[in-house]
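Coordinate analysis (summary)
Chain residues, written in single-letter form:
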Amino acid sequence: MKEKRDWPATFAVFEVSGLTQREFCRLHGIVLASFKHQLYLRRKAPAPAGFSRLSVSRPAPAPATVELHLPGGLFLRFSGDVGPGYLRELVTGLRP
């Protein structure tokens, strides 16, 4: 009688082992062809539908603040990610 193998757990161990498929199978007494076949089936299977469990261990950091001090006392403050190209265009547009 064939032994049932927990393939998801086997693949999880393989992925962190750093071994080749051949080395891993030899060490764990797995027929290489069976391993490859199960890996093929795993990759071919559609991703499970639905939601995954999500947990947040700490709040995300606040977005960066960019401050721009221009001649004449003009002061601009941006929250979030501001690209250098946008800032360059803005400064160019503000020049007299």
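Note: the structure precedes this text.
Below you will find a few notes about this structure. Values in this document were obtained by computation on a predicted structure and should not be read as measured data.

Calculation notes
- Residues numbered from 1 in each chain as written.
- Predicted model: local features only at pLDDT ≥ 70, side-chain atom pairs only at ≥ 80, totals over all residues.
- Heavy atoms only, no water.
- Helix = DSSP H or I, 4+ residues; strand = E, 2+ residues; numbered from the N terminus.
- Buried < 20%, exposed > 50% of the residue type's maximum accessible area, 1.4 Å probe, protein only.
- Contact = heavy atoms within 4.5 Å.
- Axes fitted to C-alpha atoms, helices over the stretch in contact; angles between N-to-C directions.
- Parallel < 35°, antiparallel > 145°, perpendicular 65-115°, else oblique.
- Nonpolar A, V, L, I, M, F, W, Y, C, P; charged D, E, K, R; others polar.
- Pairing = 2+ DSSP bridges.

As for the side chain of T10
Position of T10 relative to the elements: it lies in helix α1 (residues 7–17). Overall, T10 belongs to the buried group, its relative accessible area being 11%. Setting aside anything within four residues of it in sequence, one finds T10 in contact with R5, F24, I30 and F35.

Section: the packing of α1 against helix α3 (residues 32–44)
Put simply, α1 and α3 touch, their axes get as near as 11 Å, and they point 100° apart. Looking at the two axes, α1 sits roughly perpendicular to α3. Contact residues: W7, T10, F11, F14 and E15 in α1; S34, F35, Q38, L39 and R42 in α3. Partitioned by chemical class, the residues of the contact of α1 with α3 number five nonpolar, three polar and two charged.

Some thoughts on the pairing of strand β2 (residues 75–79)
One ladder, built from five bridges, connects strand β1 (residues 65–69) with β2; its direction is antiparallel. Within the sheet, the bridge partner assigned to E67 lies in β2 and is R77. Linking β1 back to β2 in an antiparallel pair, the connection comprises five residues, with G72 at a positive phi of about 85°.

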